[in-house]
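Chain by chain, the residues run as shown.
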Amino acid sequence: MTDSQLKEDKNMGTEMGTEIGTEVKQADNASGIIESGQPVFQAKDFNLWYADNHALQNINLTFSENEISAIIGPSGCGKSTFIKALNRMVELVPIVRTEGHILYRGDNIFDKKMTVEELRTKVGMVFQNPNPFPKSIYDNVAYGARVHGIKKKKILDQIVEKSLRGAAIWDEVKDRLNQNAYGLSGGQQQRVCIARALAIEPDVILMDEPTSALDPISTTKIEDLIQQLSKDYSIVVVTHNMQQAARVSDKTAFFYQGYVVEHDDTSAIFENPKDKRTEDYVSGRFG
Amino acid sequence: MADYNIQEMVQKNKNNKRTKIVEKSIPIILFLITCISILTTIGILYTLISETFIFFTRVSFIDFITDTEWNAFSSDPSWGIISLIMGTLKIVVIAILVAIPIGLGAAIYLSEYATDRTRRTIKPILEILAGIPTVVYGTFAITFVTPLIRGIFPEVNLYNAISPGVVVGIMIVPMIASLSEDAMSSVPNTTREGSLGLGATRLETVFKVIIPAAASGIISSFVLGISRAIGETMIVSIAAGSTPNASLDIRESLQTMTGFIVQVTSGDASYGTDLYYSLYAVGMTLFLFTLVMNMISQWITRRFKEEY
Amino acid sequence: MQLVDKDQVSKSLGGRLIRNNIMKFLFLLCTLVGLVVLVTLIVDTVLDGWNYLTWDFLTSFSSSRPENAGVYGAIIGSIWLMAVTAPVSIILSVGTAMYLEEYAPENRLTDFIKINISNLAGVPSVVFGLLGLTIFVRQLALGNSVLAAGLTLSLMILPVIVVSSQEAIRSVPSTVREASVGMGATKWQTVSRIILPAAIPGIITGIILALSRAIGETAPLVVLGVPVSLLVTPNSALDTFQALPMQIYNWVKMPQEEFQYLTAAGIIILLIILFLMNSVAIYIRNKFSKRY
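Residues numbered from 1 in each chain as written. Chains lettered and ligands numbered in written order. Predicted model: local features only at pLDDT ≥ 70, side-chain atom pairs only at ≥ 80, totals over all residues. Heavy atoms only, no water.

Looking at this structure, I do not really get the domain arrangement of chain C. What am I missing?
Many descriptions give the size of an interface as the accessible area lost when the pieces come together. Residue and element names in this part refer to chain C. Along its sequence, chain C is organised into domain 1 (6–52) and domain 2 (56–288). Contact with domain 1, which involves 7 residues of that partner, is made by 9 residues of domain 2. Between domain 1 and domain 2, roughly 700 Å² of surface is buried when both sides are summed, and carbon and sulfur atoms account for 78% of that area. When the buried area of domain 1 at its contact with domain 2 is split by residue, T45, D48 and Y52 rank highest and sum to 73% of it. Inspection of the domain 1/domain 2 interface yields 0 salt bridges. Counting across the domain 1 and domain 2 interface gives 1 residue pair in polar contact (both at pLDDT 80 or more). Classifying every residue of the side of domain 1 that touches domain 2 gives 4 nonpolar, 2 polar and 1 charged. (Domains from an automatic or database assignment. Contact = heavy atoms within 4.5 Å. Buried area = accessible area lost by both parts, 1.4 Å probe. Salt bridge = Lys/Arg side-chain N within 4 Å of Asp/Glu carboxyl O. Polar contact = N/O pair within 3.5 Å; in protein donor to acceptor, adjacent residues only side chain to side chain. Nonpolar A, V, L, I, M, F, W, Y, C, P; charged D, E, K, R; others polar.)

What's the story with the packing of helix α2 (residues 17–58) of chain B against helix α13 (residues 274–303) of chain B in this structure? I'm lost.
When two helices pack together, their arrangement is given by the angle between their axes and by how far apart the axes lie. Residues and elements named next belong to chain B. Look at α2 against α13: their axes get within 8 Å of each other, and the N-to-C directions meet at 125°. When the axes of α2 and α13 are compared, the pair comes out oblique. For α2 against α13, the interelement crossing comes out left-handed. Of α13, the residues touching α2 (which contributes I44, L45, T47, L48, I49, E51, T52, I54, F55 and R58) are D274, Y276, Y277, S278, Y280, A281, G283, M284 and F287. (Axes fitted to C-alpha atoms, helices over the stretch in contact; angles between N-to-C directions. Helix = DSSP H or I, 4+ residues; strand = E, 2+ residues; numbered from the N terminus. Parallel < 35°, antiparallel > 145°, perpendicular 65-115°, else oblique. Left-handed = near helix turned anticlockwise from the far one by under 90°.)

Explain the interface of chain A and chain C to me, please; I cannot follow it from the model alone.
Opposite the 25 residues of chain A that make contact, chain C presents 18 residues. When chain A packs against chain C, the two sides together hide about 1800 Å² of surface, and 64% of this comes from carbon and sulfur. Contact with chain C buries surface across chain A, with P134, Y143 and V147 of chain A losing the most and accounting together for 28% of the total. Applying the counting rule to chain A against chain C returns 0 salt bridges. Considering every element that reaches the side of chain A that touches chain C, the biggest residue donor is helix α4 (residues 137–147) of chain A, with 4 residues.

Would you explain the pattern of salt bridges in this entry?
Two side chains with opposite charge may pair up if their charged atoms get near one another. Scanning the model with the defined rule gives 29 salt bridges over all chains in all. Taking the shortest distance from any N to any O, the salt bridge between K162 of chain A and E201 of chain A comes out at 2.7 Å. One end of the pair, K162 of chain A, is in helix α5 (residues 153–166); the other, E201 of chain A, is in the loop between α7 (186–198) and β7 (204–208), with 39 residues separating them in the sequence. Residue K162 of chain A is classed as partly exposed on the basis of its relative accessible area of 32%. Linking E112 of chain B and R192 of chain B is a salt bridge whose minimum nitrogen-to-oxygen distance equals 2.8 Å. Of this pair, E112 of chain B sits in helix α4 (residues 81–113) while R192 of chain B sits in helix α8 (residues 189–196), and the two are 80 residues apart along the sequence. (Buried < 20%, exposed > 50% of the residue type's maximum accessible area, 1.4 Å probe, protein only.)

Teacher, can you tell me more about the environment of N245 of chain B here?
Residue and element names in this part refer to chain B. With respect to the helices, strands and loops of the structure, N245 is situated in the loop between α11 (234–239) and α12 (257–266). When the C-alpha atoms of N245 and N71 are compared, they prove to be 9.4 Å apart, with 174 residues separating the residues in sequence. Apart from the residues lying within four places of it in its own chain, the contact partners of N245 are S83, M86, G87, K90, S253 and L254. At 3.1 Å, the side chain of N245 and the side chain of S247 are in polar contact. From its side chain, N245 meets the backbone oxygen of S253 in a polar contact 2.9 Å long.

Teacher, can you tell me more about the sheet that holds β7 of chain A here?
In a beta sheet, neighbouring strands are held together by backbone hydrogen bonds and run either parallel or antiparallel to one another. All names here are of chain A. Strands sit in the order β6-β7-β8-β3-β9-β10 across an open sheet of 6 strands; the sheet is mixed. The open sheet has two free edges, formed respectively by β6 (123–126) and β10 (259–265), since each of these has just one partner strand. Between one strand axis and the next, the sheet turns through 15° on average, direction left out of account. With 4 bridges connecting them, β6 and β7 associate as parallel partners. For G124, the partnering residue across the bridge sits in β7 and is I205. Across the sheet, helix α2 (residues 79–86) touches β3 (68–72), β6, β7, β8 (234–238) and β9 (251–256), and the angle it forms with β7 is around 155°. Set on the sheet, helix α8 (residues 216–229) makes contact with β3, β7 and β8; between it and β7 the angle comes to about 160°. (Pairing = 2+ DSSP bridges.)

Would you mind showing me how to read the interface of chain C and chain B here?
Counting residues at the interface gives 72 residues for chain C and 76 residues for chain B. Summed over both sides, the interface between chain C and chain B buries roughly 6400 Å², with carbon and sulfur atoms accounting for 76% of that surface. It is F27, T31 and L130 of chain C that lose the most area in chain C upon contact with chain B, and together they represent 9% of the buried surface on that side. On inspection of chain C and its partner chain B, the count reaches 1 salt bridge. In this structure, R16 of chain C engages E204 of chain B in a salt bridge whose closest nitrogen and oxygen atoms are separated by 2.7 Å. The tally of links between chain C and chain B comes to 14 residue pairs in polar contact (both at pLDDT 80 or more). No other element matches helix α1 (residues 6–49) of chain C, which puts 19 residues into the side of chain C that touches chain B. Tallied by class, the residues present in the side of chain C that touches chain B amount to 46 nonpolar, 18 polar and 8 charged.

What should I look at first to understand the side chain of S195 of chain B in this one?
Secondary-structure assignment places S195 of chain B in helix α8. When near neighbours in sequence (up to four residues on either side) are disregarded, S195 of chain B contacts A200, T205 and V209 of chain B.

What follows is the structure, given as structure tokens:
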């Protein structure tokens, strides 16, 4: 595949003809895929530095509606940094500097018009370790609605039930909604955290290694849940577990040393990788 | 089931004026509150410097630092701060002679020898000891320690340096013990095991490995202890007497800088007299002493910060 | 060639172990000094003061005649003093700690504020007394009122509460903070609804310990000129007052022997108050210590 062909493919895929990068040196087949559905996130020549450390280099990636996209790669490849850039959580680190664009539904998330609060209500996040607030299960799930000004008890009750059902944990906790969420097991805590993210009905859910701290049974439950959620939500999941990416995702992006090496249908990445590095990684030769 | 749309409600709330105003004003309010601590320092410096300045328009600065007599209440007063500084030094030296060995010994025991249970019993006791008001320690000095000392050495005066010195020392033991223990406990176990694994005894490990590694924390705890002893007021006011002198005799009555301030303010120092302004000159000297000590301690902590 | 003489090593081992054990015993003695002093102090005080600890003692004002003297005015005064000191110091210190931990930018001003606070912690209480005397008593013309003394003590314990509140705030894990801002909560929403509630046990423990230091503090009150004989209790924060530690200090200076027993009785009251405050603090700390 030549450079010009690549450019064409990308233009078709993103339906954004004009400004897409000429500098796609990093990966010959980085974004050469055919998109399905409306694009939700589009990264365009996105670069990120931690002080002098160039952690993400010329990222061009598109995630689409109602898809589960997995991001895989060895430790330190920038996959967590990238997912945290999507809702600008990465800015909590003061030394971070970015260049380029990330478009959410066509709007640049780094634009002054878009506040982080607004972005994060639409783009929910589930974290690596279960991190419930030291509050009751009910208050955890109702938190997002409350900070956004929803105070009516009746509506909050509905939101809590619907979200907990959505996170497949309603039956386990419905009798103890007023107990502290710290009393739950790790897997249950993580599903409460997912319910908490669902409660404000986001458009996209970002998951940063959501099962890395959990036992195998809890992991299976969360994976099933992710698949169910993809009916209503677009999901981006970072994982260091290749089997997990293979099991749950529709598309997979392979990150290596701050570059996107390959982004394609999950089956293609695992069965027919185009890049040698991808092949080495998915076959377990390093990482 | 949904008779509501959350994102819609969120959007409506987005332009909530109150949230926006709160979000903007809170950091400013908190910053203003934080400035109070700076204003306090400015207040202390302003108070001490301006009144001390007036004092030195009336009393020669040279006399203040060279005269060996302090006789503030006489009709022909003399203002030799050395007498008061010597009083403070006598107390401080006795106090650290008591506090450093005991505090360090306790820290070593707690950090290196004690079982977890012993540690959990002893530490609250040290905390209680640290929380006892100094007026109580002062009473203890005059009603218990002084008679005890005079029982053994009858030539010791009722007011002397030994009793308040020892009690000030005991007062700062908890501080030295707990800061030194923190410093030693933060030496990583691998270092400790490295020494014990070679067949060194606990004692050898303590003196050859742990203490050198924790030296900066330990020394800065000593310096902070000295600073506390310099500023200690009630124990010396109650048990050390009120006769300033530059002698080295620890059996005799004396007066410290803090003791002088208390003596003057508990009587009536009429505003505007030399005596009134002398309070600030002494306060300034005291402040400088403790400031230097605190800075030394901070410098040691920063300069020799252990990296594990 | 054998560089290590094994016989020599094993011969010296016995001596090394004995030395270790002797020193261990000495270190233990050092540790027990605190306990011995505490017990001696309490026993000595209780023996002296127990018989004087009567209902009359609790309900009488101070008096120059020991048989009539009591601590009523002093206790009420100390309560008034805490009623001013507690809210003022809490607002100032917790506000400062929140600013430093959550809002302060990393710059030289912030560094300066932090160094300044740790220096304030080392300023002797008697110097705070001089500050209060000049600024509050004279320049703001508050006289030796509850307000003047309360403000002085508030500034004195400010560094203590700031440091303990900072530690409490810092101990809230950053993952919880991320979860909140990750849902689009604003900074203040995160601080007020998540961080503060989670840090509050640690903050309260620090506040109680600092207040228990303030309630026994004598030197600044002497400098401010808080009276020792007064036959009324304050009606407002602008009235003058008595304080328990001042009362004790006044009695211990009295030449008559009976006043020494009154001193001891006063100390017992003060120690009971401190013991109660410390118990509450320790209870809160233990109850909430294993949260994360």
